[in-house]
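Inside the fold
Spelled out from the first residue to the last, the chains are:
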Amino acid sequence: GGGTRLQPAGKRDEPGGTEERSEYMDDPQVQGLYMHVYNKLPLEQGQLTARGYKMVYRHLYWRVVPEGTKRECDELATVEWRAEANGADHMPPAAFARAMHTFVDTWCARPGKAAYLKFASDLLLPLVSPDRYTSEFSAFALSGARAPREGVGAPDDGSVEEVVLGSCARRAE
């Protein structure tokens, strides 16, 4: 499509930049966050479809590019789906985690694991908050996709958010 105005925050040559953060992909807290989000999304046959991924991407896009355009958002969502799903019809959890890591890593401006986790949490947890289920996910119920359900993956008692957000706050102090 046309030229993009996106200006990622992370720089590969700065301390705490994207190369240093590549180790976060294997971190249990990072993986836990990404799997918590994945398991709350509307899945078909246990995996994310292009439709679900594009919903996630749109949420992320508008959070980091509030002045963006719908056309740019939709074009980028399609391009990213093709790249991250490697041509498949569904995206398994590991591919979703890699895609989210790439997005967060690109846009997180502050160095350090605590800043990375806080940015990722602030970006992703609102997407799977209970009040969003009825509005954005209701269309999936009509399509036959599995609606998000309690008890899948991480506990739903706030402990995931507390572990991720609480640890970030403590480390940032």
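Note: the structure precedes this text.
Bear in mind that the values here come from a model prediction, so they are computed numbers and not experimental data.

**Focus on the overall build of the protein**
Looking only at helices and strands, the protein has nine helices and two strands in total. Overall, the protein shows an N-to-C arrangement of helices and strands of α-α-β-α-α-β-α-α-α-α-α. Per-residue burial for the protein yields a buried fraction of 45% across its 173 residues. For the protein, long-range pairs separated by at least 24 residues make up 73% of all intrachain contacts whose partners lie at least 6 apart in sequence. About 8,900 Å² of surface is accessible on the protein, with carbon and sulfur atoms providing 53% of the total.

**Some details on the nonpolar core**
General note: in soluble globular proteins, nonpolar side chains tend to be found buried as a group. Membership of the largest hydrophobic core comes to 40 residues, with the highest contact counts inside it found for Tyr34, Leu41, Phe96 and Met100. No other element matches the eight residues that helix H5 (residues 93-107) contributes to this core. Apart from residues lying up to four places away in sequence, tyrosine 34 is in contact with Phe96, Ala97, Met100, His101, Val104, Tyr116, Ala120 and Leu124.

**Focus on the pattern of salt bridges**
Scanning all chains against the criterion turns up five salt bridges. Taking the shortest distance from any N to any O, the salt bridge between aspartate 74 and lysine 70 comes out at 2.6 Å. With a gap of four residues between them, aspartate 74 and lysine 70 both fall in helix H4 (residues 70-85), about one helical turn apart. Put simply, glutamate 75 and arginine 71 hold a salt bridge, and the shortest N to O gap is 2.9 Å. Here glutamate 75 and its partner arginine 71 are both found in helix H4, four residues apart, which amounts to about one turn of the helix. One salt-bridge network, in which partners are shared between bridges, spans Arg58, Lys70 and Asp74.

**Some words on the packing of aromatic side chains**
The geometry of an aromatic ring pair is captured by two quantities: the separation of the ring centres and the angle between the planes. The tally for this structure, following the rule as stated, stands at seven aromatic pairs. With 6.4 Å between their ring centres and 35° between their planes, tyrosine 53 and tyrosine 57 make a pair best called tilted. Here tyrosine 53 and its partner tyrosine 57 are both found in helix H3 (residues 50-64), four residues apart, which amounts to about one turn of the helix. With respect to class, tyrosine 53 is no different from tyrosine 57; both count as buried. With a centroid separation of 4.8 Å and 85° between ring planes, the pair formed by tyrosine 61 and tryptophan 62 is classed as edge-to-face.

**Structural notes on the environment of glutamate 23**
Tracing the sequence through the fold places glutamate 23 in the loop between helix H1 (18-21) and helix H2 (28-40). Considering only alpha carbons, one finds glutamate 23 and lysine 113, 90 residues apart in sequence, at a separation of 9.5 Å.

**Some thoughts on H2**
Look at H2: 18 Å from first C-alpha to last across 13 residues, which is about the 18 Å you get at 1.5 Å a residue. Within the span of H2, buried status applies to Gln29, Val30, Leu33, Tyr34, His36, Val37, Tyr38, Asn39 and Lys40. The N-terminus of H2 is capped by aspartate 27, whose side-chain oxygen sits 2.8 Å from the backbone nitrogen of glutamine 29.

**Observations concerning H5**
Here H5 contains 15 residues, and its C-alpha end-to-end distance of 21 Å stays within 8% of the 21 Å for a straight helix at 1.5 Å per residue. Of the positions making up H5, those classed as buried are Ala95, Phe96, Ala97, Ala99, Met100, His101, Phe103, Val104, Asp105 and Trp107.

Procedures and definitions
- Residues numbered from 1 in each chain as written.
- Predicted model: local features only at pLDDT ≥ 70, side-chain atom pairs only at ≥ 80, totals over all residues.
- Heavy atoms only, no water.
- Helix = DSSP H or I, 4+ residues; strand = E, 2+ residues; numbered from the N terminus.
- Buried < 20%, exposed > 50% of the residue type's maximum accessible area, 1.4 Å probe, protein only.
- Contact = heavy atoms within 4.5 Å.
- Areas by Shrake-Rupley, 256 points an atom, 1.4 Å probe, with all protein chains shown as cover.
- Core = buried A, V, L, I, M, F, W, Y, C linked by side-chain atoms within 4.5 Å.
- Salt bridge = Lys/Arg side-chain N within 4 Å of Asp/Glu carboxyl O.
- Phe/Tyr/Trp six-rings, centres within 6.5 Å; stacked < 30°, edge-to-face > 60°.
- Expected span 1.5 Å × (residues − 1).
- Polar contact = N/O pair within 3.5 Å; in protein donor to acceptor, adjacent residues only side chain to side chain.

None of the figures reported here should be taken as evidence of function without further support.
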